[in-house]
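Structural description and commentary
Here are the chains, one letter per residue:
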Amino acid sequence: MTAQLRSAFRYIRRNVSFSLSLHELVLLAVLFGIYVAVATLFNKYAPLPYMDEVFHIPQTQRYCSGDWWHWDPKITTFPGLYLLGFLQARLVGLFLAGAAPGQSELQELACSATALRATNVILALACVILIRRIVSTLQPALSDLAISLKALVLTVYPLHFFYTFMFYTDVGSLMWILASYLASLHKAPASCAAAAAMAVLFRQTNAVWATFILGSSVLGLVDKFGLIDDPVKILRKAFDRRSDILEHCGALAMVPVLFAAFVLWNGSVVVGDKEAHQATLHLMQLLYFPACATAFLAPVHFGPRRVRRFTQLVASFFFSKPHYLRFSGAVAILAALPKFVDLFTVAHPYLLADNRHYTFYIWRKLLNAAPYARYLPLPVYLFSLWSLLDAMRDLKQKPWVLGYAAAVALTLAPASLLELRYFTVPFFFAALHTDISECQLVLILAMFVVINISTITVYLMYPFTWPDGSVARFMW
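To keep things clear, this report deals only with the structure shown in the data block.

The rules behind each value
- Note on numbering: residues in each chain are counted from 1, in written sequence order.
- Note on the predicted model: pLDDT of at least 70 is required for a residue's local features to be given, and 80 or more for side-chain atom pairs to be given and counted; whole-chain, interface and lining totals, by contrast, use all residues.
- Calculated side-chain values reflect all of the structure's heavy atoms, with hydrogen atoms and water omitted.
- Like-charged residues within 9 Å of one another, or nonpolar side chains (Val, Leu, Ile, Met, Phe, Trp, Tyr) within 5 Å, are grouped into patches, provided each residue has over 30% relative accessible area and no salt bridge.
- Reported accessibility uses the Shrake-Rupley method at a 1.4 Å probe radius. Residues are deemed covered only where the shown protein chains occlude them.
- For this document, the term salt bridge refers to a Lys or Arg side-chain nitrogen within 4 Å of an Asp or Glu carboxyl oxygen.
- Each helix is a run of DSSP H or I of at least 4 residues and each strand a run of E of at least 2, with the numbering of both proceeding from the N terminus.
- Only protein chains enter the accessibility calculation, which uses a 1.4 Å probe. A residue is then buried if its area is under 20% of the maximum for its type, exposed if over 50%, and partly exposed in between.
- Two residues form a contact once any of their heavy atoms are found within 4.5 Å.
- In a helix, the anticipated span is given by 1.5 Å times the number of residues less one.
- Where helices are involved, their axes are fitted lines through C-alpha atoms of the stretch in contact, as for all axes, and angles between N-to-C directions lie from 0 to 180°.
- Throughout this description, any angle smaller than 35 degrees is read as roughly parallel, any larger than 145 degrees as roughly antiparallel, any in the 65 to 115 degree range as roughly perpendicular, and the remainder as oblique.
- When the near helix sits turned anticlockwise from the far one by under a right angle, the crossing is termed left-handed; a clockwise turn instead gives a right-handed crossing.
- In this count, Pro and Cys sit with the nonpolar residues alongside Ala, Val, Leu, Ile, Met, Phe, Trp and Tyr, while Asp, Glu, Lys and Arg are called charged and the others, Gly among them, polar.
- Whether two aromatic rings pair depends on their centres lying within 6.5 Å, for rings of Phe, Tyr and Trp, where Trp uses its six-membered ring; planes under 30 degrees apart make the pair stacked, over 60 edge-to-face, and the rest tilted.
- Consider the ring centre and the ring normal. A charge sits over the ring if Lys NZ or Arg CZ is within 6 Å of that centre and within 35 degrees of that normal.

**Observations concerning a nonpolar patch on the surface**
A cluster of nonpolar residues, Leu 22, Val 26, Val 30 and Ile 34, forms a patch on the protein surface that exposes about 350 Å² of accessible area. Tracing the backbone shows Val 26 in helix H2 (residues 22-45).

**Focus: the pattern of salt bridges**
A side chain with one charge can pair with a side chain of the opposite charge if their charged atoms come near. By the definition in use, this model includes 12 salt bridges. The salt bridge partner of Arg 132 is Asp 144, with a shortest N-O separation of 3.7 Å. With Arg 132 in helix H6 (residues 113-138) and Asp 144 in helix H7 (residues 144-155), the pair connects residues that are 12 residues apart, well separated along the chain. Taking the relative accessible area as the measure of exposure, Asp 144 reaches 43% and is therefore partly exposed. For Asp 244, the salt bridge identified is with Arg 241, shortest N-O distance 3.2 Å. Here the salt bridges do not stand alone but share partners, grouping Asp 52, Asp 170, Arg 203, Glu 419 and Arg 421 into one network.

**Describing the environment of Tyr 361**
If you trace the backbone, Tyr 361 turns up in helix H19 (residues 358-367). In this structure Tyr 361 comes out as partly exposed when scored by relative accessible area, which is 26%. Separated by 10 residues in the primary sequence, Tyr 361 and Leu 351 have C-alpha atoms spaced 9.1 Å apart. Not counting residues up to four positions away in its chain, the partners in contact with Tyr 361 are Asn 355, Leu 366 and Phe 474.

**Quick word on the environment of Pro 349**
Mapped onto the elements of the fold, Pro 349 is located in helix H18 (residues 349-353). Note on Pro 349: relative accessible area 54%, which makes it exposed. Put simply, Pro 349 and Leu 417 are 68 residues apart on the chain and 8.3 Å apart in space, counted from C-alpha to C-alpha.

**Let's talk about H6**
For H6, which comprises 26 residues, the first-to-last C-alpha distance of 38 Å matches the rise-based estimate of 38 Å (1.5 Å per residue) to within 8%. For H6, a buried count of 19 out of 26 residues is recorded, marking the element as mostly surrounded by other parts of the structure.

**Side note on the packing of H7 against helix H23 (residues 438-461)**
It is at 10 Å that the axes of H7 and H23 come closest, and there the two elements cross at 25 degrees. Judged by the angle between their axes, H7 and H23 are roughly parallel. Here H7 and H23 pass one another in a crossing that is left-handed. Each of Ala 146, Leu 149, Lys 150, Leu 152 and Val 153 in H7 lies in contact with H23, whose residues at this interface are Glu 438, Leu 441, Val 442, Ile 444, Leu 445 and Phe 448.

**Overview of the packing of helix H16 (residues 304-319) against helix H20 (residues 378-392)**
The description of two packed helices rests on the angle between their axes and on the distance between the axes. Running from N to C, H16 and H20 point in directions that differ by 110 degrees, and their axes come no closer than 11 Å. With respect to each other, H16 and H20 are oriented roughly perpendicular. As H16 runs across H20, the sense of the crossing is right-handed. Contact residues: Arg 306, Val 307, Arg 309, Phe 310 and Leu 313 in H16; Leu 382, Phe 383, Trp 386, Ser 387, Asp 390 and Ala 391 in H20. Residue classes in the contact of H16 with H20 are distributed as seven nonpolar, one polar and three charged.

**Observations regarding the packing of aromatic side chains**
This structure, assessed with the given rule, holds 45 aromatic pairs. With centroids separated by 5.9 Å and ring planes inclined at 75 degrees, the aromatic side chains of Phe 42 and Phe 162 adopt a geometry described as edge-to-face. With Phe 42 in helix H2 and Phe 162 in helix H8 (residues 158-163), this residue pair connects regions lying 120 residues apart in the sequence. Of the two residues examined, Phe 42 and Phe 162, each falls in the buried class. Each ring, one from Trp 209 and one from Phe 429, has its centre 5.1 Å from the other, and the planes form 15 degrees; the classification is stacked. Here Trp 209, found in helix H11 (residues 206-222), pairs with Phe 429, found in helix H22 (residues 424-432); they are 220 residues apart in sequence, far enough to count as distant. A relative accessible area of 1% places Trp 209 in the buried class. In textbook terms, an aromatic cluster arises when at least three aromatic residues are bridged by ring pairs, as seen for Tyr 35, Phe 42, Tyr 50, Phe 161, Phe 162, Tyr 163, Phe 165, Tyr 168 and Tyr 459. Positioned above the aromatic ring of Phe 239 is the side chain of Arg 242, whose terminal nitrogen or guanidinium carbon lies 4.3 Å from the ring centre.

Structure, rendered in structure tokens:
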């Protein structure tokens, strides 16, 4: 443990220092200005807690008032967000108490909805620094400008950007996973484990991503240069270096182990409202996610060269020699796909009834518009799945990509609800490990800006009335 603590301090001294490069300072300045402007609009036009904020904000305010034993049974996640919100409120409250002693109403503002929403703005600013440093570690040959551009693009990814201005778990969940991954890349096991534990406190499914980071760390130890594609050889080398692996990865391994123990004790992954979040086998999520991820990275995945490669690959199954095995296998897969869609499409009651989410309209107007509608995107699903994994092969070896695919499956397949924000962490891992040219980054940035302006404008300026008389807003 002493050695791990020393490693953590070394990592903090070398990589999490408070000194920032010029590029990082510029990024922070630009994003801080944007965040303040957009947060002001949110607090002006939608000041009241909305959707899940109705649960998150009052729970944090209970902590701020000293009521540590209250727990809203509708909340399904661990209290990481509320603890961080409480800590921020206390720090702001101390500052206000010093600036204006005796003004208790000012201290109450420290735990108001507006102040708590600012928590995610701070976390989002941390995200951009983590993203930039991960990109510079993974692709050191890139110029500083290209690294900063990629960090900027990923920071304004619509599903991440939108929830920066609401008191949700998504931004904090991503921030801690990014911190854990960056620590693993710099071989700081204690920091990596601590950040992974915090990530699980924000969202339980991050235990899967902690396990993935663990596997990635082991792979980095036994195959430093990414030259081995044979899983058997990797396992043999891992066994030979088991003492090194235990030293570097033992602390991180405790995070998924302890979480597994909690699940056995609790009888479920979720806390609180277990009935509304029961695990199921929703394998269509494994097709929805690649389609969503490649759509947001369309300039990378839907260019003519990549489409032509996929077409040639498909054609090889039907026309290359010896063709009979490939041909029969391809025909069997194509014949089985409609049945796969029938068996593993799940329509959660929230998806069918909640017209405040865009997924309600995706399901109603596209995927379920007609009896045959859900089968029409199958070619897009297959292309997207191939393209997403193939693009990562340029930067990572095959075992890493297979581990990523397994983590995506374990994270998404048990979720019965189709909600696009569940795709955020796997999207970031895919984008960080995809080689994206500067021209493509500019196109993606333009696309993200248009999407963000559109969705935020609709959310803030076009509310409507729900059947129960409450104000409703369109959101992701």
